[in-house]
Structures are given as C-alpha cells and as structure tokens.
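Analysis of the macromolecular model
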Amino acid sequence: MRDPGAVLFRSAERVVTARTFLHAAHRLAADLPAAASIVNLCRDRCHFALAFAASVLRGQTNLLASDRSARRLRALADEFDDLVSISDDPAAPSPLPHHLMSPAWDAPAGDAANPDIEGGRIVAIVFTSGSTGTAVAHPKRWGALAARSLAAGAHFGWAAAHPASLVGTVPPQHMYGFETTVLLPLHAAVSSWCGTAFYPADIRRALGSVPAPRLLVTTPLQIRAMLQTDLVLPPLASIVSATAPLDAEMAAAAERRWDTEVLEIFGATEMGSIAGRRTIAGEAWITYPGVKVSRVDDHTLVAAPFLAPTRLNDVIDVLSGERFRLLGRRTDLIKLGGRRASLSGLNHILTGIDGVADGVFVAPDDHVERPTARMMAFVVAPTCSPDAILAALRERIDPAFLPRRIIAVTALPRDEVGKLPYQALAALRARLVDP
Amino acid sequence: MDNQFKDTPQRPFEQEVARLMVEVLYLEVDATEIQPEAPLFNEGLGLDSIDALELALEISRHYGVDLKSDDERNGNIFASLRSLAGHIEACRTP
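About the thresholds
- Residues numbered from 1 in each chain as written.
- Chains lettered and ligands numbered in written order.
- Predicted model: local features only at pLDDT ≥ 70, side-chain atom pairs only at ≥ 80, totals over all residues.
- Helix = DSSP H or I, 4+ residues; strand = E, 2+ residues; numbered from the N terminus.
- Buried ≥ 20, exposed ≤ 12 C-beta atoms within 10 Å, placed from the backbone.
- Rg over C-alpha atoms; globule rule 2.2 N^0.38 Å.
- Contact = placed C-beta atoms within 7 Å.
- Nonpolar A, V, L, I, M, F, W, Y, C, P; charged D, E, K, R; others polar.
- Domains from an automatic or database assignment.
- Pairing = 2+ DSSP bridges.
- Axes fitted to C-alpha atoms, helices over the stretch in contact; angles between N-to-C directions.
- Parallel < 35°, antiparallel > 145°, perpendicular 65-115°, else oblique.
- Left-handed = near helix turned anticlockwise from the far one by under 90°.
- Core = buried A, V, L, I, M, F, W, Y, C linked by C-beta atoms within 7 Å.
- pLDDT = per-residue confidence, 0-100.
- Right-handed = clockwise from strand over helix to strand, strands pointing away.

Helix and strand counts for chain B come out as four helices and zero strands. Counting from the amino terminus, chain B carries its helices and strands in the arrangement α-α-α-α. Taken across its 94 residues, chain B has 33% of its residues classed as buried.

Below, the structure written as structure tokens:
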C-alpha cells in the first residue's frame, strides 16, 4: 500500500492522495446498496477506481463489462444473483437496480484504516468471448491483481522516489486499462490521469497537465494515429503499448519522434499482464517477477502468484527461465481494434440468428497491418436482409467485429464433413468480393 | 437506410465530407447515399470509436480542425453528416 500522501489520481479539478482516496472509499462503501456483485459503469476513471475500492471494502465482486448495453446487463443479471449497477453519470440508463454515486473528496484529518484484503478473495470478474459465442467469466483474486501491479512496477522500474504520472487512452473496464490505469496507482509509484484521452489533441493536453516523469499507456492503434499527426508532446519517459503486436518500425519512429522509449506489455484477460519488453530491443519478452511460462504442444501454460496454471492460446519458444518469444497464435482468435474474439464464436452467433441458415465471418487478409480493418460475412439467408442481420448482430457482438459488408449467397462451399476449406472460401471471395 | 431521412439533399460541403468518410473508412456505401441527417454512430452508418479516430485524423490533416473528447459539442458533432460538416466548416482554418 502506498504512503498516505502519495498521489493516486489526477484530474483538471483535483489531486487525489492515498489518504483522500481511502477516506472516500470508506464513505462510499457505507453508502453502497447491499448486493453480492456490482457492475461498474462509471465513466470517469477515478470514480471507476473509487467504486471498485468501495465495493471491495464491502466484500462485493466487481463485474467488468465492456459491453454496457441493456441486453448485456440483463444477461449478467440472469447469471449473477443479487447484482446492482453503479455509475457516476445521472444520464446513464441501467435496467438493473442502480446506485448513482457522488464521491466525497473532503478528507477528515487523520488516516483511514488501510484495508487488509485477503489475497485469495475474488474481487473482480472479467469476461472473454468463448468459442461457442457465450461469454466466459474469469475471476480475479485480489492477491493476483496486487502481485501483477507490484511486478509491473518492479519490471519497469517505477520507484517511489520518482513517482510517474500515467495517462491512459484505454478504458478502465477492459483488463488492460483496469490493470494499468485503475489498479497500478493503488500499489506502485504511479498516479493516473482521470480525464478522457482519446484523440491526439486530448493526449497532448492530458500529458501537459501532469508532472514528469510521464507515461503514456496506449495501443498500437493510437500510436499509429499520433504518428500521423504533427503532434508535439511534453517530455515523455515512456510509451507503453498493449492489446496487439506493435510493429518495430512504428516503435522506432515513436521513440525518435518524441525522444522516449516504447515498451510493450504482454498479457491476456485470463491472467492479466505477465511480461514486458522494449519493442526495439528485440522479439524476446521478459516475464514479470514470479511468472513462469512453459510450452505444452500447441499452447502455453502460465503460472503466477494467486493464479492456477492457466492456458494461453499462443505457441511460444522458451529462451531461458525468464525470456520467451511468440511463435504463433491459434487461428481461431482474431483481434480488431484491440478487442479479441473467437471466430468460431462469432460464426456461432451469426448462424444462431433467426433466418440465417448458414454463415461465416471472414477477416480481411491485412487486418494485422491495418488496425482499422473490418470483418465481412457471407450468409445464406433467403428471407432475411443483410440490414436485418446486421441489426441482430449489433445486439449480440462487440461493435469492433460487426461486418462492414454482408454478402448473401445461395450456399457456402462446405465439404462433405461440413467444414469450410480455406481455399474454397478464398475462391468465393475472389469471385464475389474482389472480382 | 431509414426512410425518414431520405428527402434531405446533401449540400456541397456535405458531399465533400461524405466522400472523405467513404474513402477513409472504406465504407461500402456510395457517398451520395449518406443521408445528411441520419445517425453516423451506432445505428445509421454504424460507425464506432475506431472510425472516430480515423476520421478525426483525416479531418485534422485535411481541414486543420482538431477534435477533442471533452468538447461538449462532440455528441452533436458526430450526430450526423450535417452536424459534422457544419462543425468542420465553422472551425476550419482557411
């Protein structure tokens, strides 16, 4: 836990110290409705963190929902008994029993009780989309989250003597943003910026509002966008990137442009972040203290504090006790715009739509190089229009994977065992998509 | 597209912005088909935040207008082609 005077969060309006945060968390905890679980819909990062902390103090579990649609929230309520939602925005609608929070930042004198949270306690649940299209829940234990934050701090050298100011462009309800912009300030010598930082103009202003040393926590998509402008940034100690592989040339360009070092974090929702590297230093990832990786046939096993050995769907080459490189990804998984989905899961959802007799999602060949690339889909649906299918998909999948184009066909070129051979699909595309 | 927006014709600058959108976002519609008052995000054209970033970059590069998240007008700027074109025209550097 950090010193009472350490700064945890910064915004244009205020600076929140550990002492203030703890007081506010205890106050909010007393106000929270009784419930087993909460869905945190707060827009402001600091409010998000506060709601998380308060619910942990109340012994509740936080569900991290990147999909905030009414449909998803109702599905969560079906799966999790005794669920309420919490938000800092009076205009935000919720189909669940809802608590509107108003943080009390005036800290009385003296230090609030520093909570002793049992490492094995499940404090959060994050979701991934599984291969059958339904969401898979991943419980997060307090000990695992704390260990990962401390390990990241140690790995990247963020020491209490020179606390860093972190500006994150990533939302707090995704695992990456949750780990870095919400949890890191609770354990490591880092303060997190609470304002939005999405467009290059926002990023410049946010970085200009915080003291050095500055860290920008972002994604390849944002780095690429920033490089395309003539953005001038204040002195930047590091840029941290994750969610998709960062092209080494782009990393080098960013290092030159802003006289900084570009670091990457490797992780997965199932286990949080487990390794890091400086992109231009080479392919090898260096595992965080306490993390062990081992290759098992076509996948990887990861062990870490408070994490039972967990399967990672990447094939690695172990170089030494602490170093590995990535060899390949299971082809069922696709990432667009930093979001991850299972292709078979998407297909399952598509063919589950009323009126869709058969269908398949196709990722563009250049989707890795072109982060703004979109899916397309072939469907066999004589009675259902592409617009209607799109509307149905809109309710069921992450918007990043919505097909930009839906092409109706009379049949998909499946073989005798019902599989869709790659070549047959490629031929179909050649005929209908790029004639 | 939704019928209720069908009869509003595109103004010249809206045509230009529509063409820019189609090109930058690889949209499958014809630029002339984008109804000026139909929603751009979520429904209508169905754009999302990834598109918003691409579009913001091109708008900055082409018209010298920098979009910011905190701009309260943002929700309205991206509400439709008409509001987007209007904002660019109001803010552009000659």
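Right, let's get into the overall build of chain A. When you go through chain A residue by residue, the secondary structure sums to eleven helices and 25 strands. Computed over C-alpha atoms, the radius of gyration of chain A comes to 23 Å, within 12% of the 22 Å expected from 2.2 N^0.38 for 435 residues, which places it in the range of a compact globule. Dimensions of chain A, computed from C-alpha atoms along their principal axes, come out at roughly 75 × 50 × 45 Å. The proportion of buried residues among the 435 residues of chain A is 41%. Long-range pairs, those at least 24 residues apart, make up 58% of the contacts in chain A between residues at least 6 apart in sequence.

Another aspect to go through is the interface of chain B and chain A. Listed per partner, the contact involves 15 residues of chain B and 17 residues of chain A. When its residues are assigned to classes, the side of chain B that touches chain A shows six nonpolar, three polar and six charged.

Residues and elements named next belong to chain A. For A363, the position within the fold is in the loop between β23 (358-362) and β24 (376-380). By the C-beta count within 10 Å, which is 19 here, A363 ends up partly exposed. When the C-alpha atoms of A363 and H348 are compared, they prove to be 15 Å apart, with 15 residues separating the residues in sequence.

So, about the domain arrangement of chain A. Residue and element names in this part refer to chain A. Domain parsing of chain A yields domain 1 (7-329) and domain 2 (333-432). Of note, the centres of domain 1 and domain 2, computed from C-alpha atoms alone, are 31 Å apart. Taken together, the contact between domain 1 and domain 2 spans 16 residues of the former and 14 residues of the latter. Secondary-structure elements contributing two or more residues to the side of domain 1 that touches domain 2 are β7 (122-129) and α7 (220-227). For the side of domain 1 that touches domain 2, the element with the highest residue contribution is α7, accounting for three residues.

A word on the sheet that holds strand β25 (residues 405-408) of chain A. All names here are of chain A. If you walk across this open sheet you meet the three strands as β23-β24-β25, and the pairing is mixed. Bordering the open sheet on either side are β23 and β25, each of which pairs with just one other strand. The sheet shows a mean angle of 20° between the axes of neighbouring strands, direction not considered. The strands touched by helix α9 (residues 343-351) are β23 and β24; relative to β23, the strand with the most contacts, the crossing angle is about 145°.

This paragraph deals with the packing of helix α1 (residues 18-31) of chain A against helix α2 (residues 45-57) of chain A. Residue and element names in this part refer to chain A. Put simply, α1 and α2 touch, their axes get as near as 8 Å, and they point 60° apart. The pairing of α1 with α2 is recorded here as oblique in orientation. Once α1 is placed against α2, the crossing between them reads as right-handed. Contact residues: α1 offers F21, A24, A25, H26, L28 and A29, while α2 offers L50, A51, A53, A54 and L57.

Below, the discussion takes up the pairing of strand β22 (residues 339-342) of chain A. Residue and element names in this part refer to chain A. In this structure, strand β21 (residues 333-336) lies alongside β22, joined through four bridges in antiparallel fashion. Considered in β22, the bridge of L333 is made with S342. Linking two consecutive strands that pair antiparallel, namely β21 and β22, is a turn of two residues; a positive phi of about 55° is found at G337 within it.

Here we take up the sheet that holds strand β16 (residues 292-296) of chain A. Within a sheet, adjacent strands bond to each other through the backbone by hydrogen bonds, running parallel or antiparallel. All names here are of chain A. Spatially, three strands are ordered β16-β17-β18 in an open sheet, and the strand pairing comes out antiparallel. Either end of the sheet is taken by a strand with one partner, and the two such strands are β16 and β18 (307-312). Put simply, the sheet's adjacent strands are angled 20° from each other on average, direction ignored. Pairing of β16 with strand β17 (residues 299-304), which is carried by five bridges, proceeds in the antiparallel orientation.

Bringing the nonpolar core into the picture now. All names here are of chain A. Among the nonpolar cores identified, the biggest contains 118 residues, and L50 and V167 are the most heavily contacted of them. It is α2 that contributes the most residues to this core, nine residues altogether. Those residues in contact with L50 that sit more than four places away from it in its chain are F21, A24, A25, L28 and P103. With 19 residues, the next largest nonpolar core counts A341, L346, A377 and I397 among its residues.

Let's shift gears to unusual backbone geometry. All names here are of chain A. A cis amide bond links A212 with the next residue in sequence, P213, at an omega value of -10°. Among the secondary structure elements, P213 is positioned in the loop between α6 (200-208) and β11 (214-218). Even without being a glycine, D82 presents a positive backbone phi close to 60°. Backbone geometry at D259 places phi at a positive 45°, although glycine is not the residue there. Relative to the helices and strands, D259 resides in the loop between α8 (248-258) and β13 (261-268). Overall, D259 belongs to the exposed group, with 9 C-beta atoms counted inside 10 Å.

Here chain A averages 89 in pLDDT, and 98% of its residues register 70 or above. No element of chain A has a lower mean pLDDT than β21 of chain A, at 81, and none a higher one than α8 of chain A, at 96.

In terms of burial, α7 of chain A is largely enclosed, as seven of its eight residues are buried. As for α7 of chain A, its buried residues are in contact with α6, β11, β12 (238-241) and α8 of chain A together with α2 (49-63) of chain B.

All right, on to the packing of helix α1 (residues 12-25) of chain B against α2 of chain B then. All names here are of chain B. Contact geometry for α1 and α2: axes closest at 10 Å, N-to-C directions at 125°. The orientation of α1 relative to α2 falls into the category oblique. Relative to α2, the crossing made by α1 is right-handed. Between α1 and α2, the contacting residues are L20, M21, V24 and L25 on the first element and D51, E54, L55, E58 and H62 on the second. Among the residues forming the contact of α1 with α2, the class breakdown is five nonpolar, one polar and three charged.

Moving on, we get to the pairing of β11 of chain A. Residues and elements named next belong to chain A. The element β11 is extensively covered by neighbouring structure, given that five of its five residues are classed as buried. In β11, alternate side chains face the same way, and those of R214, L216 and T218 on one face and L215 and V217 on the other are all buried. Where strand β9 (residues 164-168) and β11 come together, four bridges link them in parallel fashion. In the sheet register, G168 faces β11, and the bridge partner there is V217. Between the parallel pair β11 and β12, the chain is carried across by α7, and the sense of this crossover is right-handed.

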